[in-house]
Amino acid sequence: MTGKTILVTGAAGFIGSHTASALIERGDRVVGLDNLNDYYDPARKRVNLQELAALPGAAERFTFVEGDIRDRALLRKLFGEHSFTAVAHLAAMAGVRVSVDDPWLYYDVNLTGTLNLLDAGREHGQPNFVLASTSSAYGNTKEVPFVETDSADRPLAPYPASKRSAELLGHSYHHIHGTDFTALRFFTVYGPRGRPDMLAYKLLDAMRLGEPMPLYNGGQMYRDWTFVTDIVQGVVAATDRRLGYEIINIGRGEPVLLSDFVKGIEALAGRTAPVREEPMMRADVSYTYANIEKARALLGYDPKVSVADGAQRFYDWYCSAVGEVSS
Ligand SMILES: NC(=O)c1ccc[n+]([C@@H]2O[C@H](COP(=O)([O-])OP(=O)(O)OC[C@H]3O[C@@H](n4cnc5c(N)ncnc54)[C@H](O)[C@@H]3O)[C@@H](O)[C@H]2O)c1
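Quick caveat: nothing in here was measured; it's all calculated off a predicted structure.

## Considering the environment of Met213
Within the fold, Met213 resides in strand E8 (residues 213-216). C-alpha separation for the pair Met213 and Leu36, spaced 177 residues apart in sequence, amounts to 26 Å. Setting aside anything within four residues of it in sequence, one finds Met213 in contact with Leu199, Lys202, Leu203, Ala206, Pro274, Val275 and Arg276.

Right under this line is the structure:
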């Protein structure tokens, strides 16, 4: 037992479930909060929760609460009942393209939801607050690799705008109330339990189901693919450190052309994915590339998983959890 109690929002989701798992495994008490929404099949989230509940020590140290971060009364109750050491705030609406169609939902969940959590923390013992933010906050910046000193004030879609807004709100809570607030800007996360709307998953779905998936701009976009266990390493390190107010990139720092990533997955499956060519989306950025010096210095962050290794691990998980792909 570490004596720490961490609130993990979005604990049933992709990154949230891996984060909760790492914290439970090292001996923290974890309260998971998630509304199990249907952005993708909630049955997948229930499987993630079952896997968490089966971890050694989970019976004593893991509690799941089905609830919404927009529910202020629920948050007050939760923060009142538990003395949270830290909040790993991973719950969000997270699709760049979908946010264009329903920006209200994205602001409601990602900004007002964050406000509710910050304020519940202010009322109840000021836990260390870690926000999952995004590399897409940088928009089409000319400063490459992306560095935290960039003003990041030209997001290209409501999703990154909502996350950037939440970062700024965190600053005001830090300034006025002394909240310790770290925003981690994640770069293209992939791995087991990955979201079905993300590229690696869609590629394998396209092969398995024989239904073409859209490939934007011929795959001529760079992405700084970061394996989920590396992301979690950054999140856990951030919950352990009270840093005042910081924004920190959590990426790998080695961008790979999207079409090359596609070829790598195709090589693993031994077949090509049916694709439908689509032009570049206005909401999409051309490249993401993390400068991770700050993460190394402040968090001791050190990404371990190469894209080749990570793609293999994702492929193996997909075949066992979703379905066989090879012909
Ligand atoms: N996956 C990536 O590449 C990536 C990149 C940058 C940032 N992020 C951020 O990381 C975090 C986790 O993303 P993910 O990829 O694991 O997505 P995910 O959709 O798998 O996880 C988000 C979880 O939050 C829950 N949730 C959504 N709205 C909620 C609400 N109102 N109340 C309570 N729970 C709610 C969902 O049910 C889901 O389980 C998000 O904040 C996302 O914006 C992800």
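Now that the structure has been shown, the text picks up again.
## Description of the nonpolar core
Within the largest apolar cluster, 72 residues are counted, with the highest numbers of intra-cluster contacts made by Leu184, Phe186 and Ile250. Not counting residues within four places of it along the chain, the set of residues in contact with Phe186 comprises Ile15, Leu90, Ala132, Ser133, Thr134, Ser135, Ile231, Val235 and Ile250. Within the second largest apolar cluster, 27 residues are counted, among which are Leu74, Leu78, Tyr106 and Leu118.

## A few points about the side chain of Thr5
Here Thr5 is to be found in strand E1 (residues 5-9). Owing to a relative accessible area of 7%, Thr5 belongs among the buried residues under this scheme. Of the polar contacts made by the side chain of Thr5, one reaches the side chain of Arg29; its length is 3.4 Å. If sequence neighbours within four positions are ignored, Thr5 has contacts with Arg29, Val31, Ser83, Phe84, Thr85 and Ala86.

## Things to note about the site of the ligand
Looking at the ligand, there are 30 residues lining it, with Asp34, Tyr40, Tyr159, Lys163 and Arg195 nearest. Take Val189: an N or O atom from its main chain is 2.9 Å from an oxygen atom of the ligand. Summarising the interface, the protein chains cover 98% of the accessible area of the ligand, which totals 820 Å² for the free molecule. For the shell around the ligand, the secondary structure elements donating two or more residues are helix H1 (14-26), strand E5 (128-134) and helix H7 (158-177). Ranked by residue count, the leading element in the shell around the ligand is E5, at 3 residues.

## As for the pattern of salt bridges
In this structure the tally under the stated criterion is 25 salt bridges. Here Lys4 ties to Asp240 by a salt bridge, and the two come within 2.7 Å at their closest N and O atoms. One end of the pair, Lys4, is in the segment before E1; the other, Asp240, is in the loop between helix H9 (228-239) and strand E11 (245-250), and 236 residues separate them in sequence. Between Asp197 and Arg195 there is a salt bridge, with its nearest N and O atoms 2.9 Å apart. By relative accessible area, which is 17% here, Arg195 ends up buried. In the salt-bridge network here, residues are joined through shared partners; they are Lys4, Arg26, Asp28 and Asp240.

Calculation rules
Residues numbered from 1 in each chain as written. Predicted model: local features only at pLDDT ≥ 70, side-chain atom pairs only at ≥ 80, totals over all residues. Heavy atoms only, no water. Helix = DSSP H or I, 4+ residues; strand = E, 2+ residues; numbered from the N terminus. Contact = heavy atoms within 4.5 Å. Core = buried A, V, L, I, M, F, W, Y, C linked by side-chain atoms within 4.5 Å. Buried < 20%, exposed > 50% of the residue type's maximum accessible area, 1.4 Å probe, protein only. Polar contact = N/O pair within 3.5 Å; in protein donor to acceptor, adjacent residues only side chain to side chain. Near = heavy atom within 4 Å. Areas by Shrake-Rupley, 256 points an atom, 1.4 Å probe, with all protein chains shown as cover. Salt bridge = Lys/Arg side-chain N within 4 Å of Asp/Glu carboxyl O.

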